[in-house]
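# Residue-level structure breakdown
So the chains spell out like this:
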Amino acid sequence: MNSRFSIGSLKFKNRIMTASGTFGYGLKFKDKMDIAKIGAIITKGLSLKPKEGNPMPRIAETTAGMLNSIGLQNVGVDAFGKNMLPKLIKTGAMVIANFFGDSEGEYVETAKKLDAMDGLHALEMNVSCPNVKKGGIQFGTDPEVLEKLTARVKAVTQKPLIVKLSPNVADIKQFARAVENGGADAISAINTLIGMAIDIKTKKPKLHRVTGGLSGPAIKPVALRMVYECARTVKIPIIGIGGIASVEDVVEFLIAGASAVQIGTMNFVEPAISQRLVSELETYCKENDIEDVSELVGAIEI
Ligand SMILES: Cc1cc2nc3c(=O)[nH]c(=O)nc-3n(C[C@H](O)[C@H](O)[C@H](O)COP(=O)(O)O)c2cc1C
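Keep in mind it's a predicted model, so treat the numbers as computed, not measured.

Next up on the list: the packing of aromatic side chains. Here the structure, examined in full by the defined rule, presents five aromatic pairs. Centroid distance F99 to Y107: 6.0 Å. Interplanar angle 70°. Geometry classified as edge-to-face. Under the relative-accessibility criterion, Y107 is labelled buried at 0%. Ring pairs connect the aromatic residues F99, Y107 and F139, which therefore count as one cluster.

Following this line, the structure appears as structure tokens:
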């Protein structure tokens, strides 16, 4: 059974990855599971300088999901390259660095640093971040800004560039097109949906920052719809993300048009879920006479 696939010139051994921010930098899991068996590890979001994140409380459980306002806390791109990446590479895992900035210049500078890191396989750009120079509007919610940002970052890296779309837009197709026009090698979709929760006893929001990103099984139908729409709009590969909790969910995303998937919130419930899903997808294919996973990709019948 063949489960390999490529993004640009980069070949992956299978189609299951861990989603940014839900698997740390990958290292703390290396004794609990074989992280080299997963398609790729996507790191926590990295920025030019280390970032402390938002005040507590910054996590709230919701029906079939969770809200977070972690605030992209991270060690910074330099410390990642120096202290973590070499150890990660030694495990044999494929490593994709997720990164962000609060200005175009910061995105470009961070991408340059990542591009120079030997052994790092690809970059995933998070555009669900406020553009400080444009009054805090997210980069990923203006197609023109997104296309320009993608092109500027693509120009400074030889490594494959994946752009991770924000779902907090009316028409995701426009954004998929913008990213493809900007020269991205792949799209990942979706990031978290903006939501909130209130404690009815205190009448206070459950998150210090009032709103946060909703993730987990609650968002799966929205994510699936967006992956389907992106896959019908662009030719570059789509990596589906959002509420995946079982092999059936993985297959659903592949049929909708995703070439690969990322597992996020469910890592908090079962840290080795990605490794389990790699072998369950193989079993699923064997049981259903599927010789190559690509037979499932975009196989939706309407
Ligand atoms: C605690 C937490 C932290 C996250 N941090 C990041 C991040 O740093 N960069 C990013 O692009 N996405 C981040 N995400 C979004 C996830 O990678 C994923 O897109 C989203 O949670 C939807 O997938 P899921 O429903 O499987 O969790 C984070 C999500 C959670 C729950």
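Mapping S69 onto the fold places it in the loop between β6 (65-68) and α1 (77-90). Its relative accessible area of 8% is what places S69 among the buried residues. Along the sequence, S69 and A122 sit 53 residues apart, while their C-alpha atoms lie 26 Å from each other. Aside from chain neighbours lying at most four places away, what touches S69 is N54, P57, R58, L207, R209, T211 and G212.

Right, let's talk about the site of the ligand for a bit. Inspection of the region around the ligand gives 23 residues, with S20, K164, G216, G243 and T265 positioned closest. N126 is positioned such that a nitrogen or oxygen atom in its side chain is 3.4 Å from an oxygen atom of the ligand. Here G243 contributes a backbone N or O atom positioned 2.7 Å from an oxygen atom of the ligand. Here the ligand, which alone exposes 610 Å², has 95% of that area covered by the protein. Counted by class, the shell around the ligand contains seven nonpolar, 15 polar and one charged residues.

Moving on to unusual backbone geometry. Going from M56 to P57, the amide bond is cis rather than trans, its omega being -10°. Along the polypeptide, P57 turns up in the loop between β4 (40-42) and β5 (59-62). The peptide bond linking A189 to I190 adopts the cis configuration, its omega dihedral lying at 15°. Looking at the element boundaries, I190 is found in the loop between β12 (186-189) and β13 (193-196). Unlike most non-glycine residues, V210 shows phi in positive territory, near 70°. Relative to the helices and strands, V210 resides in the loop between β15 (204-205) and β16 (211-215). The exposure class of V210 is partly exposed, given its relative accessible area of 34%.

Now for the sheet that holds strand β3 (residues 16-18). The pairing of strands in a sheet happens through backbone hydrogen bonds and is either parallel or antiparallel. With respect to topology, eight strands assemble into a closed barrel ordered β3-β4-β7-β8-β11-β12-β17-β18, the strand pairing being parallel. When strand polarity is set aside, the average angle formed by the axes of neighbouring strands in this sheet is 25°. Along the sheet, helix α5 (residues 220-233) contacts β12 and β17 (238-241); its crossing angle with β17, the most-contacted strand, is approximately 170°.

So, on to the pairing of β5. The sheet contact formed by β5 and β6 spans four bridges and is antiparallel. For I59, the partnering residue across the bridge sits in β6 and is N68.

A contiguous nonpolar patch, built from M196, I198 and V210 and spanning about 260 Å² of accessible area, is present on the exposed surface. Examined against the element boundaries, I198 turns out to sit in strand β14 (residues 198-199). Here I198 falls in the partly exposed class, since its relative accessible area comes to 47%.

This next bit is on empty space enclosed by the protein. Counted by the stated rule, this structure contains one cavity of 30 Å³ or more. Computed from the structure, the largest cavity encloses a volume of approximately 50 Å³. What lines the largest cavity is simply M1, S3, N14, R15, I16, V278, L281, E282 and V293. The residue makeup of the lining of the largest cavity, split by class, is five nonpolar, two polar and two charged.

Definitions and cut-offs
Residues numbered from 1 in each chain as written. Predicted model: local features only at pLDDT ≥ 70, side-chain atom pairs only at ≥ 80, totals over all residues. Heavy atoms only, no water. Phe/Tyr/Trp six-rings, centres within 6.5 Å; stacked < 30°, edge-to-face > 60°. Buried < 20%, exposed > 50% of the residue type's maximum accessible area, 1.4 Å probe, protein only. Helix = DSSP H or I, 4+ residues; strand = E, 2+ residues; numbered from the N terminus. Contact = heavy atoms within 4.5 Å. Near = heavy atom within 4 Å. Polar contact = N/O pair within 3.5 Å; in protein donor to acceptor, adjacent residues only side chain to side chain. Areas by Shrake-Rupley, 256 points an atom, 1.4 Å probe, with all protein chains shown as cover. Nonpolar A, V, L, I, M, F, W, Y, C, P; charged D, E, K, R; others polar. Pairing = 2+ DSSP bridges. Axes fitted to C-alpha atoms, helices over the stretch in contact; angles between N-to-C directions. Patch = residues over 30% accessible without salt bridge, like charges linked within 9 Å, V, L, I, M, F, W, Y side chains within 5 Å. Salt bridge = Lys/Arg side-chain N within 4 Å of Asp/Glu carboxyl O. 1 Å grid on protein atoms, 1.4 Å probe; cavity = no way out; pocket = protein on both sides within 12 Å on 5 of 7 lines; lining within 4 Å. Points joined across faces, edges and corners; volume = space filled by probe spheres on them.

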